[in-house]
Amino acid sequence: MDAGELNRITTQLASVYGQTVKVGQEGQRRLLQIERVELYPDCQPSHTTMLVVLDPGHPKPQVFVTPGQLLANGRLPKNNSNILIAGQTWMQFSFNIQWSDGDNIMRFLAAARQRFAQNE
């Protein structure tokens, strides 16, 4: 992911989420925190804070949510763990979404959100 791709993704997120996107930097990584992302009504809670990490050394965006986010069935996702990023704890979870430079970040985030509608 080059600088142009990082800027393109940042612009896309800001155009949808506006002032709720906080942009930070940690080394080479760009951190995009979205204050409130709606999940599915049965998820507990039905919204979360989401962190999108854009790392030039990683082939696709990385997505993290507020620790303790539950699936629609009331359970934690399988293969989840907490990770410290820029001094804050985030929950990482397993999901596999294809990504190529130039893809729409909103489609990617919709697939990540869909992960919480599943039952495992």
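Details of the structure are given in the entry above.
Only a predicted model underlies this, so the values are computations on that prediction, with no experimental measurement involved.

Student: Explanation requested: helix H2 (residues 105–114) in the structure shown.
Tutor: Because an α-helix completes one turn every 3.6 residues, residues spaced three or four positions apart along the sequence face the same direction. Among the residues making up H2, those that are buried are Ile105, Phe108, Leu109 and Ala112. Burial along H2 is one-sided: seen end-on, the buried residues are contained in an arc of 95 degrees. Here the buried face of H2 lies against helix H1 (3–17), strand S2 (29–38), strand S3 (47–54) and strand S4 (62–65). Where H2 begins, the capping side chain belongs to Asn104, and its oxygen is found 2.6 Å from the backbone nitrogen of Met106.

Student: How should the pairing of S2 be read in this particular structure?
Tutor: Within a regular beta strand, the side chains point alternately toward one face of the sheet and then the other, so they alternate between its two faces. Bridge analysis of strand S1 (residues 21–26) against S2 gives six bridges, and the strand direction is antiparallel. Note that in S2 the partner of Lys22 across the bridge is Gln33. Sheet topology places S2 next to S3; seven bridges connect them, and they run antiparallel. Of the residues in S3, the one forming a bridge with Gln33 is Leu51.

Student: How do you make sense of the packing of aromatic side chains when you look at a structure like this?
Tutor: Both the distance between ring centres and the angle between the ring planes are used here to describe each pair of aromatic rings. Tallied over the entire structure, the rule returns four aromatic pairs. With centroids separated by 5.1 Å and ring planes inclined at 25 degrees, the aromatic side chains of Phe93 and Phe95 adopt a geometry described as stacked. When its relative accessible area of 8% is taken as the criterion, Phe93 is described as buried. Residue Phe95 is classed as partly exposed on the basis of its relative accessible area, which comes to 25%. Centroid distance Trp99 to Phe108: 5.2 Å. Interplanar angle 75 degrees. Geometry classified as edge-to-face. Across this residue pair, the class does not change: Trp99 and Phe108 are buried. Through successive ring pairs, a cluster of aromatic residues spans Phe93, Phe95, Trp99, Phe108 and Phe116.

Student: Would you take a moment to explain the nonpolar core for this structure?
Tutor: Side chains of a nonpolar character, in soluble globular proteins, are inclined to be buried together. Ile9, Leu13, Ile34, Val52, Leu109 and Phe116 are the most contacted members of the largest nonpolar core, which totals 26 residues. Put simply, the parts of the chain that give this core at least two residues each are H1, S2, S3, S4 and H2. What Ile34 contacts, discounting residues up to four positions off in sequence, is Leu13, Tyr17, Thr20, Val21, Thr48, Thr49, Met50, Val52 and Leu109. With six residues, the next largest nonpolar core counts Leu51, Val53, Phe64 and Trp90 among its residues.

Parameters at a glance
Residues numbered from 1 in each chain as written. Predicted model: local features only at pLDDT ≥ 70, side-chain atom pairs only at ≥ 80, totals over all residues. Heavy atoms only, no water. Buried < 20%, exposed > 50% of the residue type's maximum accessible area, 1.4 Å probe, protein only. Helix = DSSP H or I, 4+ residues; strand = E, 2+ residues; numbered from the N terminus. Arc of directions from axis to C-beta. Contact = heavy atoms within 4.5 Å. Polar contact = N/O pair within 3.5 Å; in protein donor to acceptor, adjacent residues only side chain to side chain. Pairing = 2+ DSSP bridges. Phe/Tyr/Trp six-rings, centres within 6.5 Å; stacked < 30°, edge-to-face > 60°. Core = buried A, V, L, I, M, F, W, Y, C linked by side-chain atoms within 4.5 Å.

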